[in-house]
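What follows is each chain in one-letter form.
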Amino acid sequence: MVQMDPEVSVITPAWNAEKTIEEVISSVRAQTFANWEMVIVDDGSSDGTQEKLVAAMLADERIHPVFLSENSGAAAARNKALYLARGRYVAFLDSDDRWKPDKLAKQLAFMKKHQYAFTFTGYEYMDASGRPLNKIIHAPQRVTYHDLLKNTIVGCLTVMIDRNQTGRFQMPDLRSRQDLATWLKLLKQGFTAYGLDENLSAYRVGSRNALSGNKWKAAKKTWFVFRRVEGLPLPEACWYFCHYAANAAIKRFS
């Protein structure tokens, strides 16, 4: 019997995620759309993550863990998963976030109906324990290259891409914000990201102090992407960064 390739490949990097990885995997196994594979690349974990991944593989043949010998960063882990992925569509889910049960079904139907190559959805925040924070990030109807420079509204955990249209791709080898750099690269090629404004995922945040620190780090990394990856001239980078900072503040405090 010929084994058919999955239609959707879920791309998940994992590092020392023993506290959350089972919840993440459960949210994928609970999907109403069943023709998926989940490629989880363990990035040299030193806790019990690898044992949990082996157990998940034995429980569901659609789950494919890969184990890197040393920590190489999320970009390397995602790129390994993208290389191994067999699905026409790739969707991204980190090892501490989760999806609503109809996430794949609704987003895939949205893409097929309109023949979109690049889509994203709305999502909500949850705390470190997984409790909802009653804060939803809405997805605009469409995002272009210049839109994304001004407002990094596209959540990695919500993205789905049709590789039949974009071709296979890899993420830049950055320790942080490689997802932003990837979306910018695709949009710069002429694609548009289309938003499905439904809350279909949950993004985990830490304590308030940790969140503030993460926002500052994200800002510095975003500036790096603008200047070093995109090569924006200083005045243009400043202009976009001011819009980015203002939109980030609105998103956080609204």
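Note that this is a predicted model, so its numbers are computed, not measured.

Draft legend 1. Quick peek at the pairing of strand E2 (residues 36-42). The buried count for E2 comes to seven of seven residues, which makes it a mostly enclosed element. Residue alternation in E2 divides its side chains into two sets, Trp36, Met38, Ile40 and Asp42 and Glu37, Val39 and Val41, and both sets are buried. Summarising the sheet, strand E1 (residues 8-14) and E2 pair through seven bridges and their orientation is parallel. Pairing of proline 13 across the sheet is with valine 41, part of E2. Where the polypeptide runs from E1 across helix H1 (residues 21-29) and back to E2, its parallel neighbour, the crossover connection is right-handed.

Draft legend 2. Here's a closer look at the pattern of salt bridges. Applying the stated rule across the entire model yields 15 salt bridges. Taking the shortest distance from any N to any O, the salt bridge between arginine 204 and glutamate 23 comes out at 2.9 Å. Pair noted here: arginine 204 is in strand E10 (residues 193-204) and glutamate 23 is in helix H1, with a separation of 181 residues, a long-range link. The salt bridge partner of lysine 106 is glutamate 198, with a shortest N-O separation of 2.9 Å. Taken together, the positions of lysine 106 in helix H4 (residues 103-114) and glutamate 198 in strand E10 put the pair 92 residues apart, joining distant regions of the chain. Here lysine 106 falls in the partly exposed class, since its relative accessible area comes to 34%. Judged by relative accessible area, glutamate 198 falls into the partly exposed class, the value being 29%. A single salt-bridge network, built from bridges that share partners, covers Asp5, Glu37 and Arg86.

Analysis parameters
Residues numbered from 1 in each chain as written. Predicted model: local features only at pLDDT ≥ 70, side-chain atom pairs only at ≥ 80, totals over all residues. Heavy atoms only, no water. Buried < 20%, exposed > 50% of the residue type's maximum accessible area, 1.4 Å probe, protein only. Helix = DSSP H or I, 4+ residues; strand = E, 2+ residues; numbered from the N terminus. Pairing = 2+ DSSP bridges. Right-handed = clockwise from strand over helix to strand, strands pointing away. Salt bridge = Lys/Arg side-chain N within 4 Å of Asp/Glu carboxyl O.

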